[in-house]
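One-letter residues, chain by chain:
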Amino acid sequence: MRRSRTAAHFCDHHVLEMLMPAPGPTTNAPPVNGIPPGRPFSWRFVTPLFVGSALNPINSSLIATALVPIAHGLGVSIGRTAALVTALYLASAIAQPTAGKAAEVFGPRRVFLAGIGLVIVGGLMGGAAHSLPTLLISRVLLGLGTSCAYPTAMLLIRRRAEDAGLDKPPGGVLGGLQIAGIATASLGLPLGGVLVAVLGWRSVFFINVPVALVALVTTLAWVPPDSRPDSPPDSPSDSRPDRSRRARDVAAGLDVIGIAGFAAAMIALLLFLFALPDARWYLLAISAVLWIALVLWELRARTPFLDLRLLAGNRALTSTYLRYGLVLFCAYVVLYGVTQWAQSVRGLSETEAGLLLLPMTLVSGLVISLVSRRNRVRGPVVAAALACLIGSAGVLLLSASGWIGWVVVVTLVFGVAMGTSGAGNQIALYDHAPAEQLGTASGLLRTFGYLGSIAASATTGIVFRIRVSDPGMHLIAWIMVGVGVVLVLTTLADRTLRTRPAP
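Residues numbered from 1 in each chain as written. Predicted model: local features only at pLDDT ≥ 70, side-chain atom pairs only at ≥ 80, totals over all residues. Heavy atoms only, no water.

Asker: What exactly am I supposed to notice about the state of the cysteines here?
Answerer: Note on terminology: disulfide describes a covalent bond linking the sulfur atoms of two cysteines. What the rule picks out here adds up to 0 disulfides. Considering cysteine sulfurs only, C388 is the nearest to C330, which forms no disulfide, with 4.4 Å between them. Judged by its relative accessible area of 0%, C330 falls in the buried class. (Disulfide = S-S within 2.5 Å. Buried < 20%, exposed > 50% of the residue type's maximum accessible area, 1.4 Å probe, protein only.)

Right under this line is the structure:
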């Protein structure tokens, strides 16, 4: 199956070795902390992390080409199947930082494996489903499970570097993780089209099972077990608690109330955005009240889920989140808006429109691989901002009578934007997030990315509410240009990009 080949691509050690720096000289010295000398980030260690991290972005777009067949197969309206997209976005936006927090408490490998288990259950449930509610539960499980991979992988990589005596991992390691976690998003459209055409809509659920099993087996074989749970019973600096802590101590370390408040506030906000262009203001009001209550709680919490004082005082980290969300807003307008325009105005099929987006994936992956090796921040994020502005201006040139190849040019530019943004902002996150809070911080980066993508979906929904047209596409392009200008100006003015924290 094509999907299996895609997953196998990440498992091919020759490809993975290309992302790694050249190994040091061969030595017969025994392993230190379970790490082979000179090879702390071998292809065996990173393979399950890359495979697991690819599942979330691919699943986010994989379902798109299956919605119509699902509606026909289950005898429901096509409009109702849109909830399958919403379900994964909601679950992922909430679960990413939650999984990171849980990894800080219980250990990243444990949470990573738990997530893989949820993916297997979700894939089997969805593939065997005979009702829409069952499919919705499946998508929620897939969202929760796949969201465990990236934040736990970041924590595993950081600990591996510390155990190996490195200030930070090789750039190729973080770059490979970014390729798996972001650049693969647009693969879901053409891949889903092939799967549905050849094997039917159930295959977009079942395909998760063999890939998750690969991640499960390789994690058990090649990723060392967590030494012990590592969350603070009393303070963030106490990062190695005893296993025998009582349930309420674990709940305090996790900040269960903070997580629940974050989930409730985020659900209300996302439901408001998903409902647009029908403005359900009561949802926005509920969200605002919940956010205020969450802030008041987190300022008093012993080990807050969202360390608001950290975010307020760490301008470099908050700037990283905002930059990342704005870039993904523009990129996902291309994924959503340009795809709809190509189908409705230019008459392309879903598969053809999806194939037009493949250059974005290929270019972003190549750019991440090249840029991440240098562990730079300012140059890549400035390049991402400029590419967003240039690409947004390029969308203004799309028209029903224009050259269709211009769509490919636009996607190439946004491939550069996604690649440079992914590489630069991930290094910035690694540099500026406190080591003991890297799991939660990594999850929040993804949450901001989801907010950007959901805002992009809402924007295209509002503009294309009546019909998809050239004027509507150009209006969206002007919105993108405005975002691009803001992104360029704020990036160039950000003084935190001119200095790097001392190792």
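Asker: I would appreciate a short explanation of the packing of helix α15 (residues 256-275) against helix α16 (residues 281-298) in the present structure.
Answerer: The geometry of a pair of packed helices is captured by two quantities: the angle between their axes and the separation between those axes. The contact between α15 and α16 brings their axes to 8 Å, and the two run at 160°. Taken together, the axis directions place α15 and α16 in an arrangement best described as roughly antiparallel. Here α15 runs over α16; the crossing is left-handed. Judged by residue contacts, I257, G258, G261, F262, A264, A265, M266, A268, L269, L271 and F272 of α15 engage W281, L283, L284, I286, S287, L290, W291, L294, W297 and E298 from α16. Among the residues forming the contact of α15 with α16, the class breakdown is 17 nonpolar, 3 polar and 1 charged. (Axes fitted to C-alpha atoms, helices over the stretch in contact; angles between N-to-C directions. Helix = DSSP H or I, 4+ residues; strand = E, 2+ residues; numbered from the N terminus. Parallel < 35°, antiparallel > 145°, perpendicular 65-115°, else oblique. Left-handed = near helix turned anticlockwise from the far one by under 90°. Contact = heavy atoms within 4.5 Å. Nonpolar A, V, L, I, M, F, W, Y, C, P; charged D, E, K, R; others polar.)

Asker: Explain the pattern of salt bridges here, please?
Answerer: Opposite charge on two side chains makes pairing possible when the charged atoms of those side chains draw close. Summed over the entire model, instances satisfying the criterion amount to 3 salt bridges. A salt bridge links D226 to R110; its shortest N-O distance comes to 3.6 Å. Of this pair, D226 sits in the loop between α13 (208-222) and α14 (247-254) while R110 sits in helix α7 (residues 108-128), placing them 116 residues apart in sequence. By relative accessible area, which is 15% here, D226 ends up buried. A residue is classified by how much of its surface remains accessible, and R110, at 30% relative accessible area, is partly exposed. Here E162 makes a salt bridge to R158, at a shortest N to O gap of 3.8 Å. Remark: R158 and E162 occur in helix α9 (residues 149-163); sequence separation between them is 4 residues, near one turn of the helix. On the basis of relative accessible area, E162 is assigned to the partly exposed category, the value being 46%. Assessed through its relative accessible area of 14%, R158 is described here as buried. (Salt bridge = Lys/Arg side-chain N within 4 Å of Asp/Glu carboxyl O.)

Asker: What am I meant to see in a nonpolar patch on the surface here?
Answerer: A cluster of nonpolar side chains, namely L118, V140 and L144, defines an oily patch on the protein surface of about 180 Å² accessible area. A relative accessible area of 32% places L144 in the partly exposed class. (Patch = residues over 30% accessible without salt bridge, like charges linked within 9 Å, V, L, I, M, F, W, Y side chains within 5 Å. Areas by Shrake-Rupley, 256 points an atom, 1.4 Å probe, with all protein chains shown as cover.)

Asker: Looking at this model, I keep getting lost on helix α20 (residues 358-372). Mind explaining?
Answerer: In an α-helix, one turn spans 3.6 residues; hence positions three or four apart end up facing the same way. Counted at 1.5 Å a residue, the expected span for α20 with its 15 residues is 21 Å, and the 21 Å between its end C-alpha atoms agrees. Here α20 has its buried residues at P359, M360, T361, V363, S364, G365, V367, I368, S369 and S372. (Expected span 1.5 Å × (residues − 1).)

Asker: Is there a simple way to think about the nonpolar core in this case?
Answerer: Considering soluble globular proteins, one finds that nonpolar side chains tend to be buried as a cluster. Judged by nonpolar contacts, the single largest core of 134 residues is most densely connected at I70, F414 and L429. Here this core gets 15 residues from one element, more than from any other, and that element is helix α18 (residues 315-344). Among residues more than four places away in sequence, those in contact with L429 are Y150, M154, L317, T320, Y321, L438, A441, S442 and L445. (Core = buried A, V, L, I, M, F, W, Y, C linked by side-chain atoms within 4.5 Å.)

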